[in-house]
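# A closer look at the structure
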Amino acid sequence: MRPSFQPRLINDPFSDPGLFIPFLFEKRALMFDLGDLKPLSSRDILKVSHVFVTHTHMDHFVGFDTLIRVFLGREKQVHLYGPPGFFSHVEGKLAGYTWNLVHEYPTNFDLNVTEVHEKRTLSATYLCRDRFRPQKAPAETPFTGVLLKEPSFTVEGLLLDHRIPCLALSLVENFYVNIIKEGLKKLRLPVGPWINRFKKALHEKKDLKSDFYVTWEGGGVTIKEKRFVLGDLADNIARISPGKKITYITDILGSTENFEKAAKIAEKSDHLFIEASFLNVDKDIAGRKYHLTAKEAGKLAKKAGVKNFTLFHYSPRYTKREEELKKEALAAFQGG
Ligand SMILES: [Zn+2]
Ligand SMILES: [Zn+2]
């Protein structure tokens, strides 16, 4: 069974961190961290609706320019989330360019920026047309761990210690609607955008007795439609299963406090993406730089009870020694 989200690291584990999370059957994606985006096509970048930046060290934020460059002149809104001080970093980036021609664009491109604090979030909008000047004072909302809530998923965030606050992130799917191909075949239904509408109807808990229209599309227009009762259609073409949880943790000190907090946000994740910057023999350096060792990454994955994990953010000092990092983390994950 394929999950609705198919996360992949943007770069190899020795290069800039970043997780690209495209949605299955939808032209949409989320992104955790904004390192070098070169491996992504403009088409992929244009799918991104929400970007969650753990912190603004250069390797996690240098892709900001690429993101803006691709979206400029498009009718789009991108939401950006980051730790305390995020407004000034975004504004600093934007101040680096001249925007004297943007009011000529026939389209609106807006940046909606949210700064995440321990107990509150602050949000502000920057309109391209208005030279990305912040609109009004930021709006304040109490923060209890949920950064984004949609009918089918939630993104949770938690500030950890990297000598600066650094966001740990979890994407939690509510439940998963698996489409049964044989069911589609039997009813002679096409694969198309209606499938997302169908899943959305289930996630939004629409009345199962209500009507649902399956549509045939060609060249962007509906050429045929057929009426179903939502519940009947679901019985024939869908299987409901528990949603997946994906967690992304990077750039944190291996302290007891971080461990407790990180294990909580990562608890029972189906997949944990976790930094393993150093080998345990270099634990001192890891501590000084507020990073995890591979051993700590494995221990944390075990403590959180995750199903799978992927390591990234290796220090270049271990070039060609990737296996040692993996082995060390795995031993800690499986160890007593
Ligand atoms: Zn980093
Ligand atoms: Zn960092």
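Preceding this section is the structure that the text describes.
The sections below set out a description of the structure shown in this document. Computed from a predicted structure; not experimentally measured.

The next subject is the overall build of the protein chain. Scanning the protein chain for helices and strands turns up 11 helices and 18 strands. For the protein chain, the C-alpha radius of gyration of 22 Å lies close to 20 Å, the compact-globule estimate for 336 residues. With the principal axes as the frame, the protein chain shows a C-alpha extent of 65 × 60 × 40 Å. By residue count, 51% of the 336 residues in the protein chain fall in the buried class. Restricting to contacts in the protein chain with at least 6 residues of sequence separation, those with at least 24 account for 61%. Just so you have it, the protein chain exposes about 16,800 Å², and 52% of that area is on carbon and sulfur atoms. A distance of 5 Å separates the average location of the 51 positive side-chain charges in the protein chain from that of its 41 negative side-chain charges.

Here we take up unusual backbone geometry. Not every positive phi belongs to a glycine, and arginine 163 is a case in point at roughly 65°. Tracing the backbone shows arginine 163 in the loop between strand S10 (153–161) and strand S11 (165–173). Taking relative accessible area as the criterion, arginine 163 reaches 59% and is therefore assigned exposed.

Buried residues of helix H4 (residues 86–94): Phe86, Phe87, Val90 and Leu94, and no others. Each buried residue of H4 sits inside an arc of 100° when the element is viewed along its axis, so together they form one side. Tucked inside the fold, the buried residues of H4 contact helix H2 (58–61), helix H3 (64–71), strand S5 (76–82), strand S6 (109–116), strand S7 (120–127) and strand S8 (133–142).

Spatially, 6 strands are ordered S9-S10-S11-S16-S17-S18 in an open sheet, and the strand pairing comes out mixed. On the outer flanks of this sheet lie strand S9 (146–149) and strand S18 (308–312), each paired with one strand and no other. Taking each pair of neighbouring strands and ignoring which way they run, the sheet shows an average axis angle of 15°. In the packing of helix H8 (residues 256–266) onto the sheet, contacts are made with S10, S11, strand S16 (245–249) and strand S17 (271–275), and the angle to S10 comes to roughly 175°. Of the strands in this sheet, S17 and S18 are in contact with helix H10 (residues 294–304), which crosses S17 at around 155°.

Moving on to the nonpolar core. Ranked by size, the top nonpolar core spans 34 residues in total, and within it Leu34 and Leu111 carry the most contacts. Per-element tally for this core: the top contributor is H3, with 5 residues. If we skip the residues at most four places from it in the chain, leucine 34 touches Val51, Val53, His60, Phe61, Val62, Gly63, Phe64, Leu67 and Leu80. Listed in part, the 30 residues of the second largest apolar core include Ile249, Leu300, Leu311 and Leu325.

Okay, the coordination of the zinc ion (ligand 2) next. Protein-derived ligands of the zinc ion (ligand 2) are His55 (NE2), His57 (ND1), His162 (NE2) and Asp251 (OD), with the metal-ligand distances lying across 2.1 to 2.3 Å. Taken together, the 4 donor atoms coordinating the zinc ion (ligand 2) and their angles of 90 to 170° define a geometry best described as irregular. All donors to the zinc ion (ligand 2) come from one chain, and their sequence spacing reads H-x1-H-x104-H-x88-D. Separating the zinc ion (ligand 2) from the zinc ion (ligand 1) is a distance of 3.5 Å, and aspartate 251 supplies a donor atom to each of them. On the criterion of sequence distance, the pair formed by histidine 55 in the loop between strand S4 (48–52) and H2 and histidine 162 in the loop between S10 and S11 is long-range, its members being 107 residues apart. Comparing histidine 55 with histidine 162, the two get one shared label, buried.

What follows is about the pairing of strand S2 (residues 19–22). With burial as the criterion, each face of S2 is covered, one bearing Leu19 and Ile21 and the other bearing Phe20 and Pro22. Taken together, the 4 bridges between S2 and strand S3 (residues 29–32) define a ladder with antiparallel strand orientation. Within the sheet, the bridge partner assigned to isoleucine 21 lies in S3 and is leucine 30. Hairpin remark: S2 followed by S3, antiparallel, with 6 residues in the connecting loop; positive phi at phenylalanine 25, about 60°.

Looking now at the coordination of the zinc ion (ligand 1). Distances from the zinc ion (ligand 1) to its protein donors, namely Asp59 (OD), His60 (NE2), Asp251 (OD) and His313 (NE2), fall within the range 2.1 to 2.4 Å. With 4 donor atoms in place around the zinc ion (ligand 1) and angles of 86 to 162° between them, the coordination shape is irregular. As a motif over one chain, the donors of the zinc ion (ligand 1) read D-H-x190-D-x61-H.

This part is about H10. The α-helix winds at 3.6 residues per turn, so residues separated by three or four positions along the chain end up facing the same way. Those residues of H10 not exposed but buried are Ala294, Glu296, Ala297, Gly298, Leu300, Ala301 and Ala304. Of the surrounding secondary structure, the elements contacted by the buried residues of H10 are H8, S17, helix H9 (283–288), S18 and helix H11 (322–334). Looking at the residues trailing H10, positive phi occurs at glycine 305, about 65°.

Below, the discussion takes up the pattern of salt bridges. Taken as a whole and assessed by the stated rule, the structure comprises 17 salt bridges. Among the ionic pairs, arginine 120 bridges to glutamate 140, the shortest N-O distance being 3.3 Å. In this pair, arginine 120 sits in strand S7 while glutamate 140 sits in strand S8, placing the two residues 20 residues apart along the sequence. We classify arginine 120 as partly exposed; its relative accessible area is 31%. Ionic contacts of the salt-bridge type, sharing partners, join the residues Arg8, Asp44 and Lys47 into one network.

Calculation notes
- Residues numbered from 1 in each chain as written.
- Chains lettered and ligands numbered in written order.
- Predicted model: local features only at pLDDT ≥ 70, side-chain atom pairs only at ≥ 80, totals over all residues.
- Heavy atoms only, no water.
- Helix = DSSP H or I, 4+ residues; strand = E, 2+ residues; numbered from the N terminus.
- Rg over C-alpha atoms; globule rule 2.2 N^0.38 Å.
- Buried < 20%, exposed > 50% of the residue type's maximum accessible area, 1.4 Å probe, protein only.
- Contact = heavy atoms within 4.5 Å.
- Areas by Shrake-Rupley, 256 points an atom, 1.4 Å probe, with all protein chains shown as cover.
- Lys, Arg positive; Asp, Glu negative; His and termini not counted.
- Charge placed at Lys NZ, Arg CZ, Asp CG, Glu CD.
- Arc of directions from axis to C-beta.
- Pairing = 2+ DSSP bridges.
- Axes fitted to C-alpha atoms, helices over the stretch in contact; angles between N-to-C directions.
- Core = buried A, V, L, I, M, F, W, Y, C linked by side-chain atoms within 4.5 Å.
- Donors = N, O, S within 2.8 Å, 3.2 Å for Na, K, Ca; no water.
- Tetrahedral: all angles 85-135°; square planar, octahedral: opposite > 155°, others 65-115°.
- Salt bridge = Lys/Arg side-chain N within 4 Å of Asp/Glu carboxyl O.

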